[in-house]
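Notes for the structure review
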Amino acid sequence: MKNASFQTLLDDLKISIKFALRNVISYVLAIIGVFLVTIILIAIVAAFVFVPMLLSSGGLESFTIWAETFNEWSTAGGMTIATGIFLIALPFVAPFFVATGALFGMAREIVESEGTSAEGVFTWYKKKFFSLAGGGIMLFLFILGPIMLVILGSVFLFGEQILNIAFIGIGSTTTMNPLISGLGIVWFALSTGLMTMLFPAIIDGYSVIEATKRSIRMGIQYFDRVFGVWISYILLILALLVPLIIVPFTLGTFEPALMFMGVYAIPMALILAFVLLPAVSIGLTRVYMILTAEDEDLILQEDEDEAGPSFIGGL
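Conventions we followed
- Residues numbered from 1 in each chain as written.
- Predicted model: local features only at pLDDT ≥ 70, side-chain atom pairs only at ≥ 80, totals over all residues.
- Heavy atoms only, no water.
- Salt bridge = Lys/Arg side-chain N within 4 Å of Asp/Glu carboxyl O.
- Helix = DSSP H or I, 4+ residues; strand = E, 2+ residues; numbered from the N terminus.
- Buried < 20%, exposed > 50% of the residue type's maximum accessible area, 1.4 Å probe, protein only.
- Axes fitted to C-alpha atoms, helices over the stretch in contact; angles between N-to-C directions.
- Parallel < 35°, antiparallel > 145°, perpendicular 65-115°, else oblique.
- Left-handed = near helix turned anticlockwise from the far one by under 90°.
- Contact = heavy atoms within 4.5 Å.
- Nonpolar A, V, L, I, M, F, W, Y, C, P; charged D, E, K, R; others polar.
- Patch = residues over 30% accessible without salt bridge, like charges linked within 9 Å, V, L, I, M, F, W, Y side chains within 5 Å.
- Areas by Shrake-Rupley, 256 points an atom, 1.4 Å probe, with all protein chains shown as cover.
- pLDDT = per-residue confidence, 0-100.
- Expected span 1.5 Å × (residues − 1).
- Phe/Tyr/Trp six-rings, centres within 6.5 Å; stacked < 30°, edge-to-face > 60°.
- Core = buried A, V, L, I, M, F, W, Y, C linked by side-chain atoms within 4.5 Å.

Applying the stated rule across the entire model yields five salt bridges. The closest approach of N and O atoms between Asp-204 and Arg-108, which form a salt bridge, is 3.2 Å. Highlighted residues: Asp-204 in the loop between helix H9 (198–203) and helix H10 (208–221) and Arg-108 in helix H4 (residues 78–113), separated in sequence by 96 residues. The exposure class of Asp-204 is partly exposed, given its relative accessible area of 31%. Three or more residues are tied together by salt bridges with common partners; here these are Asp-12, Arg-225 and Arg-286.

Here is the structure:
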């Protein structure tokens, strides 16, 4: 059961979506609650970051001048600004990752007992706050850190004109854009896939460093299962987003098309937020528990499944 097959991946999707729908009310309340808490935390972080900056940089006028420098991407300060944005973003993304990680705590409860409550997310939020924040920062650095290093190295070796060649595309250099985009997609899929077991491992009691090692090791050892289920969720999400992508390119500003997009976007967003996001956390947690279980436990659980529900949500 630790290796992937089409039926196994299909079962992963079906079981996770089934339990997400079964606990949808709890997830709606939990997501709304942690969203409000996250906004408050981000406001607090912003106050700690920008208020001292305003006071030390000469007030609002100096801050406005600093903000306007973002338009000077091609100047010598372009990479300095980009690096600054990258570093400043770290404390702001942490609350989002804590909220996301807390959902994995709820998922753990569902996988173990097939049920949870909205209050459970705040229990995990408080209990694992610093670990989840550290895990979120580790995830952020793992995915975007190498990209920043490549950009900085390219600028150091070839000058800042490489930014125009690789990302903006001036003149004949536009042919590089598809290559850069393709490499970016491959890296995103690979890096996120290797880190899919990070939050389940943190919820399981591992430190951020150990959870990172464990996630990467599991991603390599069980590559087909980990990446299979992760890519399955990505494809499912993209399938929901395809109409919003295709319609503007095929029908343009045709009024019925715009009406369709408006009508479709609302239920699609609700499904993504309150069904698929919980399903992803449930599915990844379930896979984590399967991959970390002893083979003897899995054989015993298969026998027990014939008589009742499973501790891993229908193995």
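On we go from here.
Now for the packing of helix H6 (residues 129–158) against H10. Interhelical geometry of H6 versus H10 gives an angle of 50 degrees and a closest axis separation of 9 Å. Judged by the angle between their axes, H6 and H10 are oblique. Considering how the two elements wind past one another, H6 and H10 form a crossing that is right-handed. Contact with H6, carried on its side by Ser-131, Gly-134, Gly-135, Met-138 and Phe-142, involves Val-208, Ile-209, Thr-212 and Ile-216 of H10 and no other residues of that element. Here the residues of the contact of H6 with H10 are counted per class, giving five nonpolar, four polar and no charged.

On the surface, a nonpolar cluster with roughly 370 Å² of combined accessible area is contributed by Ile-32, Phe-35, Leu-36 and Ile-39. Locating Leu-36 in the fold gives a position in helix H2 (residues 24–56).

Now for the confidence of the model for the protein. Of all residues in the protein, 72% have pLDDT values of 70 or greater, and the mean over the chain is 80. Segment residues 168–173: pLDDT under 50, and nine contacts once partners within four positions in sequence are set aside and those in other chains are kept. This model gives residues 306–311 a pLDDT under 50, and the stretch forms 11 contacts once residues within four places in sequence are excluded.

Moving on, we come to helix H1 (residues 6–22). Helix length check: H1, at 17 residues, gives a terminal C-alpha distance of 24 Å against a target of 24 Å (1.5 Å per residue), a fit within 8%. Residues of H1 that are buried include every one of Thr-8, Leu-9, Asp-12, Leu-13, Ile-15, Ser-16, Phe-19 and Ala-20, and no others.

Here we come to the packing of aromatic side chains. On inspection of all chains with the given rule, the structure shows six aromatic pairs. With a centroid separation of 5.8 Å and an interplanar angle of 50 degrees, the aromatic rings of Tyr-125 and Phe-129 are classed as tilted. What makes Phe-129 partly exposed here is its relative accessible area of 25%. A centroid spacing of 5.3 Å and a plane angle of 85 degrees characterise the contact between Phe-129 and Phe-130, whose relative ring orientation is edge-to-face.

What follows covers the side chain of Thr-38. Here Thr-38 shows up in helix H2. Setting aside anything within four residues of it in sequence, one finds Thr-38 in contact with Pro-95, Phe-96, Ala-99 and Tyr-125.

As a further point, take the nonpolar core. Within the largest apolar cluster, 56 residues are counted, with the highest numbers of intra-cluster contacts made by Tyr-27, Val-121, Leu-139, Phe-199, Ile-282 and Leu-284. Here this core takes 13 residues from H4, the largest share from any one element. With residues up to four places along the chain from it excluded, the contact list for Ile-282 reads Ser-16, Phe-19, Ala-20, Tyr-27, Ala-107, Ile-110 and Val-111.

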